[in-house]
Amino acid sequence: MLVQWEEPDNPNGIVTGYKIYYTTNPHLPMTDWDSQYVDSTTLTTIPDLTPHTIYTIRVQAFTNIGPGPFSAPVQVKTQQGVPSQPLSLRAIDVTATSVSLEWTKPIHTGDNIISYELYWNDTSINEKGHRTLAVIESYKLDKLQPNTLYHIWLAAKSRRGEGAYTSPIAIKTDQYMPEAPPENVRAEAVDSQKIRVTWEAPPEDQQNGIISGYRLHYVENYKSDNSASIVTLPGISREFIIEDLRKYTEYRIWILAFTEVGDGPPSYVINVRTEED
């Protein structure tokens, strides 16, 4: 494996050498990685590696005072003719259901790429996704879930096989309005002028964000929905008592949840009559 790097932007002195760390298991502590030391050159070859294996490489610079921080990890596969990892995978735009990605083609064997292999996992359901892409350097990954954390990584592929993948990037999609109404909505008359309403939050997988609050609608049964009174309640609310109602009068009641993006669908309508006086 041929490894090349550039001197640190801020060496804080004279760089006296470099230590190259490499491993097939990047989850191990750095003290357990294989390593080799070189003088002030910025190029070295690592021999005696296992064929068809992905290695992770990090480089550390030294001055007379001591070592500096490790470089970002780079991965490469020891297989002749496969590309090195794509460079600079990044998200340039994120919505509630999509993320637009850009990257730069690998430095080595970049002209022999036949496709890119895009991978991601949905942390909410621990499910992995995969798409084979054309030889492009940008892509819009869609059909994602709102308000969800995704890890995304990419590899280039030649006719010899798939190269090393990039380090995963973490992307959280934006919030969206709830897909479902509050559940288990119930209402009962307390007396001749009050009705108690209780409910539960929409199903968690359909909230699409943080529930900011609820809008409780109520109106006398002979009036139109547009005449309904609306009470806005905080997101932690699960009960409300409507007061100052007409005696022995039937009301229509419904409720919806909302996030910072907008209102979700209304619940089914409940008809409740206040008690006689």
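Residues numbered from 1 in each chain as written. Predicted model: local features only at pLDDT ≥ 70, side-chain atom pairs only at ≥ 80, totals over all residues. Heavy atoms only, no water.

As recorded in an unreviewed UniProt entry, the protein chain goes by Fibronectin type-III domain-containing protein and comes from Artemia franciscana. Under the UniProt heading Subcellular location (unreviewed entry), the note attached to the protein chain is "Membrane". (UniProt positions renumbered as here; feature names shortened; annotations may be inferred.)

## Here we look at the pattern of salt bridges
In this structure the tally under the stated criterion is 10 salt bridges. Salt-bridge contacts for Glu-188 lead to Arg-196; the nearest nitrogen and oxygen are separated by 3.4 Å. Take Glu-188: its relative accessible area is 44%, and that puts it in the partly exposed class. Taking the shortest distance from any N to any O, the salt bridge between Asp-277 and Lys-247 comes out at 2.6 Å. Taken together, the positions of Asp-277 in the segment after strand S22 (270-273) and Lys-247 in the loop between strand S20 (239-242) and strand S21 (250-258) put the pair 30 residues apart, joining distant regions of the chain. (Salt bridge = Lys/Arg side-chain N within 4 Å of Asp/Glu carboxyl O. Buried < 20%, exposed > 50% of the residue type's maximum accessible area, 1.4 Å probe, protein only. Helix = DSSP H or I, 4+ residues; strand = E, 2+ residues; numbered from the N terminus.)

## A look at the sheet that holds strand S12 (residues 138-141)
The antiparallel open sheet is built from three strands, whose spatial order is S8-S9-S12. Each end of this open sheet is capped by a strand with a single partner; those strands are strand S8 (87-94) and S12. Going from strand to strand, the sheet's axes swing by 25° on average, the running direction of each strand aside. Bridging between strand S9 (residues 99-104) and S12 involves four bridges; their strand directions are antiparallel. In the sheet register, Ser-100 faces S12, and the bridge partner there is Lys-140. (Pairing = 2+ DSSP bridges. Axes fitted to C-alpha atoms, helices over the stretch in contact; angles between N-to-C directions.)

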